[in-house]
Amino acid sequence: MAPAAAAAVAERIELAKLCSSKDWSKAIRVLDSLLSQSCGVQDLCNRAFCYSQLELHKHVIKDCNKALQLDPKLLQAYILKGRAFSSLGRKEEALSVLEQGYEHAVCQSADLKQLLELEDLLKIAKENGSCQNGTMESSELSFPARGSVVSRSSEISDNHVKSNGKSQPSSKLSKQIEAHNKLQNGSSTDVRGESVLDSQPNQKDESHPTETNVTHTKLMGKSILDDSSESGTGSSMVCGESSDFPDICSDSFSLSDIHNELMDEANRSKKFCVARISKSKSINVDFRLSRGIAQVNDGKYAYAISIFDKILQEEPDYPEALIGRGTAYAFQRELHAAIADFTKAIQSNPSAGEAWKRRGQARAALGESAKAIADLTKAMEFEPNSADILHERGIVNYKFKDYKAAVEDLSACVKVDVDNKSAYTYLGLALSSLGEYRKAEEAHMKAIQIDKSFLEAWTHLTQFYQDVANGERALQCIREILKIDGRFAKAYHLHGLLLHGTGEHRNAIKELSIGLSIDSSSIESLYLRASCYHAIGEFKEAVKDYDAALDLELDSMEKFALQCLAFYQKEIALYTASKFNTEFSWFDLDGDIDPLFKEYWCKRLHPKNVCEKVYRQPPLRDSLRKGKLKKQEFSLTKQKAALLQAADSIGKKIQYHCPGFLPNRRQYRMAGLAAIEIAQKVVKVWRSLQTEWKISTKGASKHGKKVRRKEKLNPPSFNRGGAGCSTSSFLESSTYSAAEDKPYGRPSLPWHAIYSLAVKWRQISEPCDPIVWVNKLSEEFNSGFGSHTPLILGQAKVVRYFPNFPRTFNVTKAVIKENKYVHNKKDHLINLYENGKLQEAMNAESCSDLHRVVGEDFWLATRCNSMTVEGKRLEGTRISLEKTDQMGYDFAIKTPCTPSRWDDFELEMTSAWEALCEAYCGENYGTTDFDLLENAREAILRMTYYWYNFMPLSRGTAVIGLAVLLGLFLAANMEFTGNIPEGVQVDWEAILEPDPHSFISSVKSWLYPSLKTNTSWKGYPDVASTLETTGLVVAALSTYSD
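Treat the numbers as computed from the prediction; the structure is a model and nothing was measured. (Residues numbered from 1 in each chain as written. Predicted model: local features only at pLDDT ≥ 70, side-chain atom pairs only at ≥ 80, totals over all residues. Heavy atoms only, no water.)

Trainee: What should I look at first to understand the overall build of the chain in this one?
Mentor: Helices and strands together make up the secondary structure of the chain, namely 45 helices and 15 strands. Within the span of the chain, comprising 1042 residues, buried residues form 60% of the whole. (Helix = DSSP H or I, 4+ residues; strand = E, 2+ residues; numbered from the N terminus. Buried < 20%, exposed > 50% of the residue type's maximum accessible area, 1.4 Å probe, protein only.)

Trainee: I would appreciate a short explanation of the nonpolar core in the present structure.
Mentor: Side chains that are nonpolar tend, in soluble globular proteins, to be buried together. Ranked by internal contacts, the top residues of the largest apolar core, which has 170 residues, are Trp686, Trp761, Trp913 and Ile960. Among the elements that make up this core, the one with the highest residue count is helix H33 (residues 665-697) (14 residues). Those residues in contact with Trp913 that lie beyond four places of it in its chain are Val682, Trp686, Pro747, Leu749, Pro750, Trp751, Ile754, Met943 and Leu968. Core analysis: the next-biggest nonpolar cluster, separate from the first, contains 74 residues, Val407, Leu427, Cys477 and Ile481 among them. (Core = buried A, V, L, I, M, F, W, Y, C linked by side-chain atoms within 4.5 Å. Contact = heavy atoms within 4.5 Å.)

Trainee: Please clarify how unusual backbone geometry should be interpreted in this entry.
Mentor: Both trends apply: most residues other than glycine have a negative phi, and most peptide bonds are in trans. A positive phi angle, close to 60 degrees, is found at Arg604, a residue other than glycine. Inspection of the secondary structure puts Arg604 in the loop between helix H29 (595-603) and helix H30 (608-613).

Trainee: I keep staring at the pairing of strand S13 (residues 889-896) and nothing clicks. Help me out?
Mentor: The side chains of a regular strand alternate between both faces of the sheet. The buried count for S13 comes to six of eight residues, which makes it a mostly enclosed element. Where strand S7 (residues 786-794) lies against S13, eight bridges are found, and the strand directions are antiparallel. In the sheet register, Ile792 faces S13, and the bridge partner there is Phe891. As paired strands, strand S12 (residues 873-883) and S13 are joined by six bridges and run antiparallel to one another. (Pairing = 2+ DSSP bridges.)

Trainee: What is the right way to read the environment of Ala447 from this model?
Mentor: Along the chain, Ala447 turns up in helix H20 (residues 437-450). Residue classification places Ala447 among the buried positions, given a relative accessible area of 0%. For the pair Ala447 and Asp419, spaced 28 residues apart in sequence, the C-alpha separation works out to 8.0 Å.

Trainee: Explanation requested: helix H13 (residues 319-331) in the structure shown.
Mentor: Helical periodicity: at 3.6 residues per turn, an α-helix aligns residues three or four positions apart in one direction. Taking 1.5 Å of rise per residue, the 13 residues of H13 would be expected to cover 18 Å, and the 18 Å separating its terminal C-alpha atoms lies within 8% of that figure. Most of H13 sits inside the fold, with 13 of its 13 residues counted as buried. In the stretch just after H13, Arg333 is the one whose phi turns positive, near 70 degrees. (Expected span 1.5 Å × (residues − 1).)

Trainee: Just to check I follow, could you spell out the side chain of Thr812 for this structure?
Mentor: With respect to the helices, strands and loops of the structure, Thr812 is situated in helix H36 (residues 805-819). Excluding anything up to four places from it in sequence, Thr812 contacts Leu850, Leu860, Ile879 and Phe891.

Trainee: Any chance you could explain the packing of H33 against helix H39 (residues 899-921) here in plain terms?
Mentor: Geometry of a packed helix pair, given as the angle between the helix axes and the separation of the axes. Axis separation between H33 and H39 bottoms out at 10 Å; the angle between their running directions is 65 degrees. The two elements H33 and H39 cross, and the hand of that crossing is right-handed. For the pair formed by H33 and H39, the contact residues are Val682, Trp686, Leu689, Gln690 and Trp693 on the first element and Trp913, Leu916, Cys917, Tyr920 and Cys921 on the second. When its residues are assigned to classes, the contact of H33 with H39 shows nine nonpolar, one polar and no charged. (Axes fitted to C-alpha atoms, helices over the stretch in contact; angles between N-to-C directions. Left-handed = near helix turned anticlockwise from the far one by under 90°. Nonpolar A, V, L, I, M, F, W, Y, C, P; charged D, E, K, R; others polar.)

Trainee: Would you explain the pattern of salt bridges in this entry?
Mentor: As a working rule, side chains carrying opposite charge can pair if their charged atoms are close by. Counted under the stated rule, the structure contains 37 salt bridges. With its nearest N and O atoms 2.7 Å apart, the salt bridge here joins Arg325 to Asp309. Within this pair, whereas Arg325 is found in helix H13, its partner Asp309 is found in helix H12 (residues 301-314), the two being separated by 16 residues in sequence. One continuous salt-bridge network, built from bridges that share partners, spans Arg359, Arg363, Glu368 and Asp375. (Salt bridge = Lys/Arg side-chain N within 4 Å of Asp/Glu carboxyl O.)

Trainee: Explain the environment of Asn819 to me, please; I cannot follow it from the model alone.
Mentor: Mapping Asn819 onto the fold places it in helix H36. According to the relative accessible area criterion, Asn819 is partly exposed, its value standing at 22%. Spatially, the C-alpha atom of Asn819 lies 9.4 Å from that of Tyr833, the residues being 14 residues apart in sequence.

Trainee: Would you mind going over the packing of H12 against H13 with me for this structure?
Mentor: At a minimum axis separation of 9 Å, H12 and H13 run at an interaxial angle of 155 degrees. Judged by the angle between their axes, H12 and H13 are roughly antiparallel. Of the two elements, H12 crosses H13, and the hand of that crossing is left-handed. For the pair H12 and H13, contact is made by Tyr301, Ile305, Phe308, Asp309, Ile311 and Leu312 and by Ala321, Leu322, Gly324, Arg325, Ala328, Tyr329 and Phe331, respectively. Of the residues contributing to the contact of H12 with H13, the split by class is 10 nonpolar, one polar and two charged. (Parallel < 35°, antiparallel > 145°, perpendicular 65-115°, else oblique.)

Trainee: I'm lost on H39 in this one. Help?
Mentor: A rise of 1.5 Å per residue sets the reference length of H39, with its 23 residues, at 33 Å; its end C-alpha atoms lie 32 Å apart and thus fit the reference within 8%. The buried count for H39 comes to 19 of 23 residues, which makes it a mostly enclosed element.

Trainee: It is not clear to me how the confidence of the model for the chain should be interpreted in this structure. Could you clarify?
Mentor: Low pLDDT means the predicted coordinates in that region are not meant to be read closely. With 77% of its residues at a pLDDT of 70 or more, the chain shows a mean pLDDT of 80. Counting interchain partners and residues more than four positions distant, the pLDDT-below-50 stretch residues 130-281 has 492 contacts. Within the model, pLDDT remains below 50 along residues 701-741, and this stretch shows 82 contacts once partners closer than five positions in the same chain are excluded. (pLDDT = per-residue confidence, 0-100.)

Trainee: I keep staring at the pairing of S12 and nothing clicks. Help me out?
Mentor: Relative to S12, strand S11 (residues 858-865) runs antiparallel, the two being bridged by seven bridges. Within S12, the residue paired with Leu860 across the bridge is Ile879. Taken together, S12 and the strand that follows it, S13, pair antiparallel across an intervening segment of five residues.

Trainee: What should I look at first to understand the packing of aromatic side chains in this one?
Mentor: What describes a pair of aromatic rings is the distance from one ring centre to the other and the angle between the planes of the rings. Summed over the entire model, instances satisfying the criterion amount to 34 aromatic pairs. Seen from their ring centres, Tyr945 and Phe999 are 6.0 Å apart, and the 40 degrees between their planes marks the pair as tilted. Here the residue Tyr945 occupies a position in helix H40 (residues 934-950), and Phe999 occupies one in helix H43 (residues 996-1007), the gap between them amounting to 54 residues. We note that Tyr945, like Phe999, is buried. The structure contains a cluster of three or more aromatic residues connected by ring pairs, namely Trp751, Tyr755, Trp773, Trp902, Phe905, Trp947 and Phe950. Residue placement shows Lys378 over the ring face of Trp356; its charged tip is 5.8 Å from the ring centre. For the cation-ring pair, Arg878 lies above Trp859, with the distance from its terminal atom to the ring centre recorded as 3.6 Å. (Phe/Tyr/Trp six-rings, centres within 6.5 Å; stacked < 30°, edge-to-face > 60°. Lys NZ or Arg CZ within 6 Å of the ring centre and 35° of its normal.)

Trainee: I would appreciate a short explanation of the environment of Asp317 in the present structure.
Mentor: Within the element layout of this structure, Asp317 appears in the loop between H12 and H13. Taking the C-alpha atoms as reference points, Asp317 and Ile346, separated by 29 residues in sequence, lie 9.8 Å from one another.

The structure is reproduced here in structure tokens:
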């Protein structure tokens, strides 16, 4: 007989002995060996039967599924699978499986015993609703403070198992374990809900029956790496948060299964572990292992560890006990101890697939992404195409932002496990990050189709719709969530977030308050409610919530960032409260707030240095005592109502019709009021200038005008020779002190005063945005602090800005072609004109292509041609490309506002503003003839072009530019009555064009037809006197007639 055949016979003999002695763990180990050599149908059923003796029902189902794939008519597999489903309390699935088996049995009539057994089981299932003699009764879910274990009570009657085609009572081992569990309050538990990677005690989970007496646990659910926001935050998206229960992050943790996987030929030859103990001791070890896992499932981790410790005193290398203890350590957040146990199990036998998987999970919790992925990949070697490991690795890949790998793993997972709802919703998250929005939506919907009560999928779908600015569908999802669970706190936070994003701050407070009554420790809800109270002028409540957020103990850096913001926002709230009853003109964040405070606020840094070095705002009681916070009645008079109605109509025109931009009525009103006030103030300036122009031109000869400048600096075509083409001779200084030889003096209102009006309105309308002038930041201004707008972050495509990627990438290549160099991080030149690099750069089709050509991180500046100094090129917007890691690149626009760059753009803005004044204040002053206003239109757009390329604010440049644009058009008797076209972002149109002419050409096709001459706005009440105080401004922004 050949050696291989002899070995196989020996294993069969050993298998028979082990089954006779009811040593099911070792029997499974032998079957593992046999199946690794040849995947036989009968061996799969035999192993399923052995699993059933240990009541590892999910493993039974898995093996039966494999057997039925090989032989769909295998009656034994239907019987075992039906019993397993019944033991899990999944009655409908049990009945379905038994019906399928019975149909095959009737057709083939080959095994009458099995036919009769199926018939009896079906009869019992239909009569009693269960294939067992007992039923399972659910209790409420419970969430311990750590590890978040879901416990379910159940009562189990005697189980029956099949052996050799006959139905027999369960083994002595099963009865012993069952008796033990009944002593433990009759509870049948399984570790579910949240992973050792994190805990969220108030997460609401759905109910599922669980296995009894099982020697397995689960590492599932939400990781400490999750981004609830979020996400995210930033993005504020809810990422990775898990409330699923069957198999969110892993499959069953079976000690017997692990025991099998650990044993290879070498260890068997050494008679490893259980082989050295007697039959009675084997049963005792199984019993103690089961008891240890039961304690893990009950959340009694210390007690479980003590049980495993005793086993390991006898057998220090016993892998099942090592992995059991490692799991308990992991749930206690003792991750290093857990990894040590898993590592020791692996050292005992490198084939310990379960240990590789568990160590991968623990390493993921520590943020060791590369090691975690390596361990999970190794685990795949022992169970190729395992849906559970693919699922787990896909989630880890997602959490560590390797979205492409996550999509690959999760897509493979759902091909194997078509009903894995958790895999589908994580697949949706990963696809959304990659910009595959239609596929992402389909994946989330598929998860919901599998389980209409799956809260996690509904939550992620809600956040998805918010991120793409589909508020209506987001609200529909929230309503569905609350139908499923009216006390799901996350739903109220999401609703509050949606209402805040659409400017409904008062309604947002109501929803957030309900959520906080359920979960008072949610810093996301506390901070958001505080900012809503702050925005509507309820400072006492705002400060209370900010303080509550500051007092919370946190478990993640994302939450700590919110806590830092709460500190800064509280100070801003106290400042605003001190100005509440003073004129709005006295509200001056840029002038009154310490530069260091603003720098830390913008950067979201730890406020320690601010506390030590910066003057703190007076407490709220001081403002109350001094009457600064006296409640102001906002009576909606006819005059105010007319003003607010006009503002709403005008302000709506700022809306971008692009993914990610929700309509926001509060921001509409802010922009409309800012535009009207700007128009009212500019008209006064122009009226004064026009009077001066009339005086200066009286008696002057037809050709008697003096030349304004010593040399012509402008291209002759911009304003077609009209007054608007004049440029400032303000080349040596950017102050307003020097006089010009021109028909009138300088405008009494400088350009930055106009934009400052809009900045103040934006600051007061949404106080949680740190919007400040960069030149008012001391040291950071000198070092080049500025705005940063990403299009791609690693592999993630930023939903708002990625649509601009193709044009931005092409502009990048055009600048490289023209300059033949780029700058590295240290601002040194990298020449690209040698070794064919330039041509390679022109052929680049992706960030990776371009980065490979350059060879390192780099930046370049877009073209921005001066209209003040002929031939001068300003540093426009910086486009940067940086490699983040092995997975992706950051592709962004950055605009560092250094003092020299500020001076350059100060000059351009001054010149553009004066050109506008000349274009309107001469012979055509006050005209409503659209053609005669051409020079004024182009001067306004010239000013807008340089504003967007300048980007002098920490953030908010886009909306403020639009508000000023609308205000200047109104001042020149032109009102924009249309809408910005779908897909167009005006600021991006400006920064991607090399000069004002190109910018005007890019927008005039849709802008000019929608500009209508209109002077009716001049009848609006004066904004500054109607809304005189800061309190009245806040009230106007927070009061709606509906």
